[in-house]
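Summary of the model geometry
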Amino acid sequence: MKKTFLTLSLFLTATIAFAQDKGFVTVNFGSSIPLGDFAGTDINNNSSGFAQTGYLFDATLGLKFSKYFGTTILIRSQVNQFDEETFAEHATKEIGYKATVNSTAWYIGNYMIGTYGSFPISKNFTLEPRMMVGFLTATSPEMTLKATAGSIPFWVTKNSSSSGSLSYLFGIGYKVNAGKHICISFNLDYLGTSTQFNNVETTDSFGGIDFTSWNQNIETFSLSAGIGFRFGTKKKLTINDI
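Keep in mind the model is a prediction, meaning the values are calculated, not measured. (Residues numbered from 1 in each chain as written. Predicted model: local features only at pLDDT ≥ 70, side-chain atom pairs only at ≥ 80, totals over all residues. Heavy atoms only, no water.)

**Here's the deal with the pairing of strand 7 (residues 125-139)**
As a reminder, the rule being used: Note: two strands are recorded as paired if DSSP finds a minimum of 2 bridges between them. Only DSSP runs of H or I covering at least 4 residues are called helices, and only runs of E covering at least 2 are called strands; the numbering of each starts at the N terminus.
Note: strand 5 (residues 106-117) against strand 7, 10 bridges, orientation antiparallel. What sits directly across from Thr115, in strand 7, is Met131. Bridging between strand 6 (residues 119-122) and strand 7 involves three bridges; their strand directions are antiparallel. Residue pairing for strand 7: Pro120 is matched across the bridge by Thr126. In sequence, strand 6 turns back onto strand 7 through a hairpin of two residues. As paired strands, strand 7 and strand 10 (residues 162-177) are joined by 15 bridges and run antiparallel to one another. In the strand pairing of strand 10, Thr137 is matched with Gly164.

**Here we look at the side chain of Gln78**
Stated formally: Counting of polar contacts relies on pairs of N or O atoms within 3.5 Å, with two restrictions inside protein: one atom must be capable of donating a hydrogen and the other of accepting it, and residues adjacent in sequence are counted only when both atoms are side-chain atoms. Any two residues whose heavy atoms approach within 4.5 Å are treated as being in contact.
Position of Gln78 relative to the elements: it lies in strand 3 (residues 69-80). At a separation of 3.3 Å, a polar atom in the side chain of Gln78 contacts the side chain of Asn80. In contact with Gln78, other than residues within four places in its own chain, are Ser32, Tyr55, Leu56, Trp106, Tyr107, Ile108, Leu191 and Thr220.

**Brief notes about the environment of Ser77**
Rule in force here: Accessibility here uses a 1.4 Å probe with only protein chains present; expressed as a share of the type maximum, an area under 20% marks a residue as buried, one over 50% as exposed, and anything in between as partly exposed.
Structurally, Ser77 can be placed in strand 3. Looking at Ser77, the relative accessible area reads 41%, which means it is partly exposed. For the pair Ser77 and Tyr107, spaced 30 residues apart in sequence, the C-alpha to C-alpha distance is 7.5 Å. Apart from the residues lying within four places of it in its own chain, the contact partners of Ser77 are Tyr55, Leu56, Phe57 and Ile108.

**Some thoughts on the confidence of the model for the protein**
The criterion, for reference: Values of pLDDT, which run from 0 to 100, indicate the predictor's confidence residue by residue.
Here the protein averages 89 in pLDDT, while 88% of its residues score no lower than 70. Within the protein, the lowest mean pLDDT, 43, falls on helix 1 (residues 2-18), and the highest, 98, falls on strand 5. Across residues 1-17 the pLDDT falls below 50, and counting only partners more than four positions away or on other chains, this stretch makes eight contacts in the model.

Pasting the structure below:
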């Protein structure tokens, strides 16, 4: 019993001693992995995004309002390429003619605020879970399909469109101190939203015009790393100094 109490006391003492910064600013780069409908490849489902693994860039600010918790703000941009090859394969099967596809990418912006925890595990290693909500902007790809029916070439173009919606994020971060103020950050995040695209125009080489609306679920899992600045740091007495 005494041994257990001593171990707990030492852990709490160390944790308190390590929790020294008052906030941080980080810049991160990483990959964005599409999930669910966003990664879907059903050509007959408008909600299938045909999104491929892409990349992201973000900047994060954290400000502590207590020893272990704080408010965090994130601004993120991510790009996911449209899977042209898979779409062309499915289109070829649907129309019976060899199809090719050219497209732009999915562009997503996020502006989020939330809360985070800061739990030192050792002198230079901190675990930081976070929950955030915010506003997401999404721009769908412009896509052109080309094929030849017999000796007659034709094309179909679906225009790009933009939409906005509320979004949420759950994540966990790890920080490794590389100096008194400099840190290296590692982050794992899940992002989700559901957004509506309305009256998106589709035209073809025969003069046809059509308008489509659909609800797009956007889910991504991201892995990122970056560098940051910790402010308000100061040394406190630890059990090793006694």
